[in-house]
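What follows is the residue order along each chain.
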Amino acid sequence: MTSLAMDDDGVRLAVGTTHAGVFLYDLVTGRVLRPTNPDKRISCLEFAPGGRVLFAGTTWEDLLLLDAGTLEVVGNEPFGLHFA
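Residues numbered from 1 in each chain as written. Predicted model: local features only at pLDDT ≥ 70, side-chain atom pairs only at ≥ 80, totals over all residues. Heavy atoms only, no water.

Turning our attention to unusual backbone geometry. For Leu71, which is not a glycine, the phi torsion comes out positive at approximately 65 degrees. The topology assignment puts Leu71 in the loop between β7 (63–67) and β8 (73–76). Accessibility expressed as a relative area gives 1% for Leu71, which makes it buried. (Helix = DSSP H or I, 4+ residues; strand = E, 2+ residues; numbered from the N terminus. Buried < 20%, exposed > 50% of the residue type's maximum accessible area, 1.4 Å probe, protein only.)

Next up on the list: the pairing of strand β6 (residues 53–58). In terms of strand pairing, strand β5 (residues 42–47) meets β6 through five bridges, oriented antiparallel. Bridging across to β6, Leu45 finds its partner in Ala56. Connecting the antiparallel pair β5 and β6 is a turn made up of five residues, with Gly50 showing a positive phi of about 95 degrees. Pairing geometry for β6 and β7, over five bridges, is antiparallel. Residue pairing in the sheet places Gly57 in a bridge with Leu63 of β7. Taken together, β6 and the strand that follows it, β7, pair antiparallel across an intervening segment of four residues, in which Glu61 is found at a positive phi of about 65 degrees. (Pairing = 2+ DSSP bridges.)

The subject of this paragraph is the sheet that holds strand β2 (residues 12–16). Spatially, the four strands line up as an open sheet ordered β1-β2-β3-β4, and their pairing is antiparallel. Looking at which strands have only one partner, the edges of the open sheet turn out to be β1 (3–6) and β4 (32–33). Here five bridges tie β2 to strand β3 (residues 22–26), and the two strands are oriented antiparallel to one another. By the bridge assignment, Arg12 is partnered in β3 with Asp26.

With respect to the helices and strands, Thr17 occurs in the loop between β2 and β3. Residue classification places Thr17 among the buried positions, given a relative accessible area of 5%. Here Thr17 is in contact with Met1, Thr2, Phe23, Lys40, Arg41 and Ile42, once residues within four sequence places are set aside. (Contact = heavy atoms within 4.5 Å.)

Take the sheet that holds β7 next. In space, the four strands of this open sheet follow the order β5-β6-β7-β8, with antiparallel pairing throughout. The strands lining the two open edges of the sheet, one partner per strand, are β5 and β8. Across the sheet, the mean angle separating the axes of adjacent strands is 25 degrees when strand polarity is ignored. (Axes fitted to C-alpha atoms, helices over the stretch in contact; angles between N-to-C directions.)

Structure, rendered in structure tokens:
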């Protein structure tokens, strides 16, 4: 585990790892979701205001935008930004 982020409502907990991507826990139902691309090494996580998007920074200096309900990648490196 490399990072944790909780949504504004305290219902979902995102856990980033360096070996299996992101796990999203629904703390009410106990349901767990995992991204379709587990080879991403996650170094930091943050929910966007409103909780619909989860930002995930990788050890390869990428910034992924994940749908916070499904963990599908909906974008990366927004606005052409790249973090070194």
